[in-house]
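Residue-level structural notes
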Amino acid sequence: MLPYNLEKIISRIGEIESRFSQRVSSLEERTIRGDDNYAASQDTFDDLIKEYAQKYQIDHRLAKRLIEAESNFDPDAVSPRGAMGLMQLMPQTCQDLGIKDPFDERENLEGGMRYLRGLLNQFGSLPLALAAYNAGPSRVKEYGDIPPFPETQEFVKKVIGG
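Attention in this report is confined to the structure presented alongside it. Since we're looking at a predicted model, the values are computed, not measured. (Residues numbered from 1 in each chain as written. Predicted model: local features only at pLDDT ≥ 70, side-chain atom pairs only at ≥ 80, totals over all residues. Heavy atoms only, no water.)

Turning our eyes to something else, we now look at the overall build of the chain. When its secondary structure is counted, the chain shows eight helices and zero strands. Moving toward the C terminus, one meets the helices and strands of the chain in the order α-α-α-α-α-α-α-α. Counting only residues that meet the buried cut, the chain has 40% of its 162 residues in that class. When contacts within the chain are restricted to residue pairs at least 6 apart in sequence, those whose partners lie at least 24 apart make up 42%. Carbon and sulfur atoms make up 51% of the accessible area of the chain, which totals about 9700 Å². (Helix = DSSP H or I, 4+ residues; strand = E, 2+ residues; numbered from the N terminus. Buried < 20%, exposed > 50% of the residue type's maximum accessible area, 1.4 Å probe, protein only. Contact = heavy atoms within 4.5 Å. Areas by Shrake-Rupley, 256 points an atom, 1.4 Å probe, with all protein chains shown as cover.)

As structure tokens, this is what we get:
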């Protein structure tokens, strides 16, 4: 008989392996079908987006534009810089927010909305909060405005302009 803690660890490893296998299967199915445009299933997340947007007092349409700009509604998206999931959260942000699985839609959406709400409170301006979401709060503080990075400038325009 194994010690209780070891049993819990082994059980958790099994859960993670199972979840990973399901994600790989989902990605393989989309690849086989040629379904590169995951946005077609964005309605899948509407209820969750509305739930967390309301909880953190964010317009759900803004949240959807942000998610579209970040991941095109792909919950398995990983950027070249390591941002993960629907709201493209960086590993350090996940750690700061206590997110254990950034590919879990609920966890990612709640964490992303909570992070955005914090940035809105911190900067007091939607454009600056979005710039901080994209480039990092330190960059917005450094420049005292939207940083002059083309990616960040376009991101802010895309999310606000819809």
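In terms of nonpolar packing, the biggest core is built from 36 residues, with I58, M87, M113 and Y133 touching the most fellow members. Considering each element in turn, this core owes the most residues, seven residues, to helix α5 (residues 105-123). When neighbours within four sequence positions are excluded, Y133 is seen to be in contact with L66, E70, M87, L89, G112, Y115, L116, L119 and F155. (Core = buried A, V, L, I, M, F, W, Y, C linked by side-chain atoms within 4.5 Å.)

Looking now at helix α6 (residues 126-135). Taking burial as the measure, the ten residues of α6 include seven buried ones, the bulk of the element. Listing the buried residues of α6 in full gives L128, A129, L130, A131, A132, Y133 and N134. Structurally, α6 contributes buried residues whose contacts are with α3 (60-71), α5, α7 (137-143) and α8 (150-161). Where α6 begins, the side chain of S125 points an oxygen toward the backbone nitrogen of L128, at a separation of 3.3 Å. A positive backbone phi angle near 105° is found at G136, which sits one or two residues after α6. (Polar contact = N/O pair within 3.5 Å; in protein donor to acceptor, adjacent residues only side chain to side chain.)

This part is about the environment of R114. Mapping R114 onto the fold places it in helix α5. Judged by relative accessible area, R114 falls into the partly exposed class, the value being 32%. Note: C-alpha distance between R114 and A53 (61 residues apart in sequence) is 8.9 Å. With residues up to four places along the chain from it excluded, the contact list for R114 reads Y56 and L97.

Another point: the packing of α3 against α6. Packing of α3 against α6 leaves a shortest axis separation of 13 Å and a crossing angle of 30°. Judged by the angle between their axes, α3 and α6 are roughly parallel. The interaxial crossing formed by α3 with α6 has right-handed handedness. Of α6, the residues touching α3 (which contributes L62, L66 and E70) are L126, L130, Y133 and N134. Grouping the constituent residues of the contact of α3 with α6 by class yields five nonpolar, one polar and one charged. (Axes fitted to C-alpha atoms, helices over the stretch in contact; angles between N-to-C directions. Parallel < 35°, antiparallel > 145°, perpendicular 65-115°, else oblique. Left-handed = near helix turned anticlockwise from the far one by under 90°. Nonpolar A, V, L, I, M, F, W, Y, C, P; charged D, E, K, R; others polar.)

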